[in-house]
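In case you want the letters, here they are:
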Amino acid sequence: MIRVRGLRKVYRIGTEKVAALGGIDLDIPKGEFCCIVGASGSGKSTLLNQLAGLEKPTKGSVTINGQTISDMNENQLAVFRQNNLGFVFQSYNLLPTMTAVENVALPLMFKGISKRKREKLAKEQLKQMGLGKRIRHKPTEMSGGQQQRVGIARAFVGKPKVIFADEPTGNLDSKTTVEVMNTILQMVRKYHITFVMVTHERDLSAYADRIITLKDGQILSDEYPKKQSQGELAQQAAAAPEQPMQNNLPQQEQDPGAAPEPFEANPTQQTAPEQNNETPGQKVPVADEMEKESKTDE
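A brief structural summary. Bear in mind the structure is a predicted one, so any value in this text is a computation, not a measurement.

So, on to the overall build of the chain. What the chain contains, in helices and strands, is 7 helices and 11 strands. Across the 298 residues in the chain, those meeting the buried criterion constitute 52%. Pairs at least 24 residues apart make up 74% of the contacts formed inside the chain by residues separated by at least 6 positions. Here the chain has roughly 13,700 Å² of accessible surface; of this, 49% comes from carbon and sulfur atoms.

Time to look at the packing of aromatic side chains. The geometry of an aromatic ring pair is captured by two quantities: the separation of the ring centres and the angle between the planes. A complete count under the given rule lists 4 aromatic pairs for this structure. Measuring from centroid to centroid gives 6.1 Å for F87 and F164, while their planes differ by 35 degrees, and the two rings are tilted. Note that F87 is positioned in strand 6 (residues 85–88) and F164 in strand 7 (residues 162–166), a separation of 77 residues in sequence. No difference in accessibility class separates F87 from F164, as the two residues are buried.

Right, let's get into the nonpolar core. Among the nonpolar cores identified, the biggest contains 40 residues, and F33, L126, V150, F156, I184, F195 and M197 are the most heavily contacted of them. In terms of residue count, the dominant contributor to this core is helix 6 (residues 174–191) (7 residues). Among all residues touching F33, those that are not within four sequence positions of it are M181, I184, L185, R189, F195, M197, Y207, A208, D209 and R210. Grouped together as the second largest cluster of nonpolar side chains are 29 residues, L21, F80, L85 and L214 included.

All right, on to the environment of K56 then. Relative to the elements of secondary structure, K56 occurs in the loop between helix 1 (44–51) and strand 4 (59–64). Along the backbone, K56 and N73 are 17 residues apart, and their C-alpha atoms lie at a distance of 9.7 Å. Among the polar contacts listed, one links the side chain of K56 to the backbone oxygen of S70, at a separation of 3.2 Å.

To summarise the sheet geometry, strands pair through backbone hydrogen bonds and adopt either a parallel or an antiparallel arrangement. Here we have 6 strands laid out as an open sheet, ordered 6-7-8-3-9-10, and mixed in their pairing. Edge positions in the open sheet fall to strand 6 and strand 10 (218–223), since each of these has one partner strand only. Direction aside, the axes of adjacent strands within the sheet are offset by 20 degrees on average. The pairing of strand 3 (residues 33–37) with strand 8 (residues 194–199) spans 5 bridges and is parallel. Within strand 8, the position partnered with V37 by the bridge is T199. The strands that helix 5 (residues 144–156) touches are strand 6, strand 7 and strand 8; relative to strand 6, the one it contacts most, it runs at about 175 degrees.

Attention now goes to the side chain of S205. Within the secondary structure layout, S205 lies in the loop between strand 8 and strand 9 (210–215). The class of S205 is buried, set by a relative accessible area of 5%. The residues touching S205, leaving out its near neighbours within four places in the chain, are C35 and I211.

On to unusual backbone geometry, then. Although it is not a glycine, N93 sits at a positive phi angle of roughly 55 degrees. Positionally, N93 belongs in the loop between strand 6 and helix 3 (100–109). Classification of N93 by relative accessible area gives buried; the value is 12%. Phi angles above zero are rare outside glycine, and K159 is one such case at about 50 degrees. Inspection of the secondary structure puts K159 in the loop between helix 5 and strand 7.

Mapped onto the fold, R149 is located in helix 5. For R149, a relative accessible area of 14% gives the class buried. R149 has contacts with M129, L131, E179 and T183, leaving out every residue within four places of it along the chain.

Attention now goes to helix 1. The buried fraction of helix 1 amounts to 7 of the 8 residues, a majority that puts the element mostly inside the structure. Of the positions making up helix 1, those classed as buried are K44, T46, L47, L48, N49, Q50 and L51. In the stretch just after helix 1, G53 is the one whose phi turns positive, near 75 degrees.

Enumeration according to the criterion identifies 7 salt bridges in this entry. The shortest N-O distance in the salt bridge between E223 and R202 comes to 2.9 Å. Within this pair, whereas E223 is found in strand 10, its partner R202 is found in the loop between strand 8 and strand 9, the two being separated by 21 residues in sequence. For E223, a relative accessible area of 32% gives the class partly exposed. Through salt bridges that share partners, R3, R5 and D27 make up one connected network.

Basis of the calculations
- Residues numbered from 1 in each chain as written.
- Predicted model: local features only at pLDDT ≥ 70, side-chain atom pairs only at ≥ 80, totals over all residues.
- Heavy atoms only, no water.
- Helix = DSSP H or I, 4+ residues; strand = E, 2+ residues; numbered from the N terminus.
- Buried < 20%, exposed > 50% of the residue type's maximum accessible area, 1.4 Å probe, protein only.
- Contact = heavy atoms within 4.5 Å.
- Areas by Shrake-Rupley, 256 points an atom, 1.4 Å probe, with all protein chains shown as cover.
- Phe/Tyr/Trp six-rings, centres within 6.5 Å; stacked < 30°, edge-to-face > 60°.
- Core = buried A, V, L, I, M, F, W, Y, C linked by side-chain atoms within 4.5 Å.
- Polar contact = N/O pair within 3.5 Å; in protein donor to acceptor, adjacent residues only side chain to side chain.
- Pairing = 2+ DSSP bridges.
- Axes fitted to C-alpha atoms, helices over the stretch in contact; angles between N-to-C directions.
- Salt bridge = Lys/Arg side-chain N within 4 Å of Asp/Glu carboxyl O.

Written out as structure tokens, the structure is:
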């Protein structure tokens with residue numbers, strides 16, 4: 001499903017060049033839940049941006065479902081993402097003026113699906129997420145866990161081939177984190193979707209089929225750990241201590257500096273040419289992609 005060969009990404013910081021990724025080779029098959037972990041500056045978010053086509057590599061290629069996205073222009077990438085990819089963001093990225101069902105239905109609008117059908121599909125997806133009574137609620141009327149479930153429903157509603165998630169539980173307390181991860185795992189298994197998640201929380205890797213650890217832009221380890229049973233994961237949920245929600249307040253009322261930005265390409269970043277004096281190290285932060293979604297009349 002995903003094939004990466006010789007992937008390199010070099011950023012320029014003043015007169016210095018920093019190699020954020022140093023020649024990655026990787027294959028992720030269809031239906032696999034892959035977790036990419038690593039310390040800050042390890043290159044994990046840069047790798048996710050490359051896999052999602054949000055940045056152009058300095059060298060190498062990324063192929064998804066037989067199509068080399070690293071060779072596509074922006075218009076081709078936009079169409080490819082609409083038809084093949086889904087995203088789960090740490091800070092939810094829900095449109096505050098839209099209800100839960102409208103937020104979930106939004107990706108279907110760009111696929112040309114009629115309003116009646118897309119709202120029906122969105123309602124069904126929200127019910128599967130346990131949000132049947134929240135379909136007409138706006139983000140400010142929901143808790144952090146409920147907003148993240150809406151974000152997950154939005155990612156899965158179009159049944160994409162691949163879903164990318166960047167720190168999907170970073171704003172949640174421990175109990176809600178377990179509940180949300182269980183929900184993601186169930187949806188991945190149900191629809192046989194390839195799921196690629198980036199996190200610095202090693203505990204979350206227990207949900208994955210495969211754990212890839214990055215260090216200094218290189219793959220340090222690539223392992224298939226023993227899977228926990230659903231019963232063991234349920235016990236974790238029951239044992240998780242009750243804690244106040246970290247993100248129950250409306251998004252606009254929170255300290256904007258409290259949560260890291262979701263991932264995206266930064267059009268101001270310039271790709272440096274391949275040279276021999278590259279120095280592995282701290283990568284340039286990559287800003288997160290904001291969804292350019294707008295509601296249009298039928």
